[in-house]
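Structural overview for review
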Amino acid sequence: MKYLLLSTALTLGAAPAMAETFKWASTTDPQTMDPHAVNSAPVLGFLNNVYEGLVRRGKDMAVEGALAERWEPLGADGWRFHLRQGVTFHDGSTFDADDVLFSYERASSESADTASWFSPVSEVRVVDDYTIDFLTNAPNPLFPSSIANFMIMDRSWAEANESVVPAKDVETFATRNTNGTGAFQMVERQPGLKTVLEPFDGWWGEVEHNITRAEFTPIQNSATAVAALLSGEVDLINPVPIQDAERLGASGAVNVIRGIEARVIMLGFGHEADTLKYGANAGDPNPFRDARVREAVAKAVNVPAILQTIMRGNAEPASQLVSPAMNGFSAANDRRPAFDIEGAKALLADAGYADGFGFGLKCPNDRYLNDEAVCQAVTSMLAQIGLDVELDTMPVSNYWPELRADNYDMYLLGWSPGTFDHEHPVRFLVTTPNAEKKLGSWNFGGFSNARVDELLPMIQSEIDPAARQAMVDEVTAIYQSEHTYVPLYVQPLVWGTQANVSVVQRPDNFFILRWVTKG
């Protein structure tokens, strides 16, 4: 499949016999240890070291068994999973089908940020202690890959610690504590400072790493992160600042590992907001309800300039919500609005905003590569067409609650499809939000199109590749013509490691400790 082309597995030296402490740093601290509370890569990527799902992705991104040894379709009705026996949670409790049922009920609940993963599911039935059926509303060939990050929790542990329901923006016991079945268990958690993992001696899998202790430290300042890598204080940083990548790679002191992430960076809008919330025109009718205004933004943002000056040539422009390497990429719609200041001004004038207007742009400053710098550039570019942008940047731990509370006029978002398929962002970002159907959970702006809603279940159930792609092409043409989002670029991957460290860099940007060797 196309996504296999993205995977980069690197072996930098032979695996030593000696065990080691491993230290790594990234800009973003996972905001929670609850695997169903926040559907974001920093959380899911980190917790993939601690919790496990029925299936997982391997080094080449292919789906393979984890807590399920095998699975098969139930005709057109769903999927049956045969569970691995003899697995224990970190506290010694036995894993069985009841834990899967509990985790499904928890992860698909209205309070879970992962609920949209289960929109095709009509019912889950426990067949016996080690067999469970996921029944779907229609044939769903992608379902196993769609739940690769669905992590299983122990029912008894969650009940005993009053963590039956996930919490996005408040704390429960599961926010700071874990009890998974994964290769590593958490032994210390200091949010924003340090999180420590140690190998789980009772893990069912084959041990490939030589790590005795793993320490994660969030370092937001890029110069500090680089200094920590060069001094040997940490063994890996992610990301390496784009401006430092060439210098570090040429130094010979560390290894710089490059790849392409399966993540598109885009601008989003408050489609259903009646009024602007920020800037000089706060309280006035919302111009972003008009597709001509959204198109003007698309034409005014000089993506090639961003890629050249901020990303230093390390990223590719994006025309849609997935990269060309993803399954379902619409070759028929592989175009994006050209940079056109005069055309943008004409669109604004046609929409009744010849003199421009003021509004607010929300942006994280520790989530995506050079996110704040990109938003600053966008602010300057929009000023050229008379848009007065009030830029507000913040740590991602504060950012998601702001978006969920609709506290924005325009915002920056990155999306990596968990299934490596175009259906994924359509389901999460473009479909009309519907809590009952578990759809559109990250469609913050409330965009709604009846034809998209009609096509999504058809795309999910269609087995014929050509017929399915035709429907995906139609959806792509709709969200492009509506300028539902403004796709900017596909984010690059740039990691830095000590020369004696071997890692696997996957295009989902998940850092998997069980593949690390040091020495």
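Presented here is a report on the structure given in the accompanying data block. (Residues numbered from 1 in each chain as written. Predicted model: local features only at pLDDT ≥ 70, side-chain atom pairs only at ≥ 80, totals over all residues. Heavy atoms only, no water.)

Moving on: the overall build of the protein chain. Per the secondary structure count, the protein chain includes 15 helices and 21 strands. Overall, the protein chain is about 70 × 55 × 45 Å in size when its C-alpha atoms are taken along their principal axes. As displayed, the protein chain has an accessible area near 18800 Å², and 48% of this comes from carbon and sulfur atoms. Mean positive and mean negative side-chain charge positions of the protein chain (39 and 67 charges, respectively) differ by 3 Å. (Helix = DSSP H or I, 4+ residues; strand = E, 2+ residues; numbered from the N terminus. Areas by Shrake-Rupley, 256 points an atom, 1.4 Å probe, with all protein chains shown as cover. Lys, Arg positive; Asp, Glu negative; His and termini not counted. Charge placed at Lys NZ, Arg CZ, Asp CG, Glu CD.)

Enumeration over the complete set of coordinates arrives at 34 salt bridges. With a shortest N-O distance of 2.7 Å, Asp 98 and Arg 155 are connected by a salt bridge. Taken together, the residues Asp 98 in helix H2 (residues 97-107) and Arg 155 in helix H4 (residues 155-160) connect sequence positions 57 residues apart. Classification of Asp 98 by relative accessible area gives partly exposed; the value is 32%. (Salt bridge = Lys/Arg side-chain N within 4 Å of Asp/Glu carboxyl O. Buried < 20%, exposed > 50% of the residue type's maximum accessible area, 1.4 Å probe, protein only.)

What follows covers the packing of helix H6 (residues 222-231) against helix H7 (residues 242-251). Taken N-terminus to C-terminus, the directions of H6 and H7 make an angle of 20°; their axes are 11 Å apart at the nearest point. Taken as axis vectors, H6 and H7 run roughly parallel relative to one another. Note on packing geometry: the crossing formed by H6 with H7 is right-handed. Contact residues: Ser 222, Val 226 and Leu 230 in H6; Gln 243, Asp 244, Arg 247 and Leu 248 in H7. (Axes fitted to C-alpha atoms, helices over the stretch in contact; angles between N-to-C directions. Parallel < 35°, antiparallel > 145°, perpendicular 65-115°, else oblique. Left-handed = near helix turned anticlockwise from the far one by under 90°. Contact = heavy atoms within 4.5 Å.)

A few words on the sheet that holds strand E5 (residues 68-73). The four strands are arranged E5-E6-E8-E7 in an open sheet whose pairing can be described as antiparallel. Every other strand in the sheet has two partners, leaving E5 and strand E7 (121-128) as the edge strands with one partner each. When the angles between neighbouring strand axes are averaged without regard to direction, this sheet yields 20°. Pairing between E7 and strand E8 (residues 131-136): six bridges, direction antiparallel. Across the sheet, Asp 128 pairs through a bridge with Thr 131, a residue of E8. (Pairing = 2+ DSSP bridges.)

Attention shifts here to the pairing of strand E17 (residues 410-415). Along E17, six of the six residues are buried, which leaves the element largely enclosed by surrounding structure. Residues Met 410, Leu 412 and Gly 414 line one face of E17 and the alternating positions Tyr 411, Leu 413 and Trp 415 line the opposite face, and both faces are buried. As paired strands, strand E13 (residues 254-269) and E17 are joined by six bridges and run antiparallel to one another. What sits directly across from Phe 269, in E17, is Met 410. One ladder, built from two bridges, connects strand E15 (residues 357-364) with E17; its direction is parallel. Bridging across to E17, Leu 361 finds its partner in Met 410.

Once that is clear, we can look at the side chain of Gln 480. Secondary-structure assignment places Gln 480 in helix H15 (residues 465-481). Setting aside chain neighbours within four positions, we find Gln 480 in contact with Ser 319, Gln 320, Asn 333 and Arg 335.

This brings us to the pairing of E15. Two faces belong to every sheet, and in a regular strand the side chains alternate between them. Within E15, eight of the eight residues are buried, which leaves it mostly tucked inside the rest of the structure. Side chains of E15 alternate between two faces, with Phe 357, Phe 359, Leu 361 and Cys 363 and Gly 358, Gly 360, Lys 362 and Pro 364 buried alike. In the sheet, E15 pairs with strand E16 (residues 387-394) via eight bridges, with the strands oriented parallel. Bridge pairing in E16 links Gly 358 to Asp 388.

Now for the state of the cysteines. Summed over the entire model, instances satisfying the criterion amount to one disulfide. With a sulfur-sulfur separation of 2.3 Å, Cys 363 is cross-linked through a disulfide to Cys 375. Sign of the S-S torsion, about 85° for the bond between Cys 363 and Cys 375, identifies this disulfide as right-handed. Note that Cys 363 is positioned in strand E15 and Cys 375 in helix H11 (residues 371-383), a separation of twelve residues in sequence. The buried category is assigned to Cys 375, whose relative accessible area is 0%. (Disulfide = S-S within 2.5 Å.)

The interhelical angle for the contact between helix H14 (residues 450-461) and H15, taken along N-to-C directions, is 155°, at an axis separation of 10 Å. The orientation of H14 with respect to H15, classified from their angle, is roughly antiparallel. Handedness of the H14/H15 crossing: left-handed. From H14, Arg 451, Val 452, Leu 455, Met 458 and Ile 459 reach across to H15, where they touch Arg 468, Met 471, Val 472, Glu 474, Val 475 and Ile 478. Within the contact of H14 with H15, the residues separate by chemical class into eight nonpolar, no polar and three charged. (Nonpolar A, V, L, I, M, F, W, Y, C, P; charged D, E, K, R; others polar.)

Look at the link from Asn 238 to Pro 239: it is a cis peptide, with omega at 5°. Mapped onto the elements of the fold, Pro 239 is located in the loop between strand E12 (236-238) and H7. In this structure, Lys 438 takes a positive phi of about 60° despite not being glycine. Mapped onto the fold, Lys 438 is located in the loop between helix H13 (423-430) and H14. For Lys 438, a relative accessible area of 18% translates into the label buried. The phi torsion at His 483 lies on the positive side, around 50°, for a residue other than glycine. Here His 483 shows up in the loop between H15 and strand E18 (485-498).

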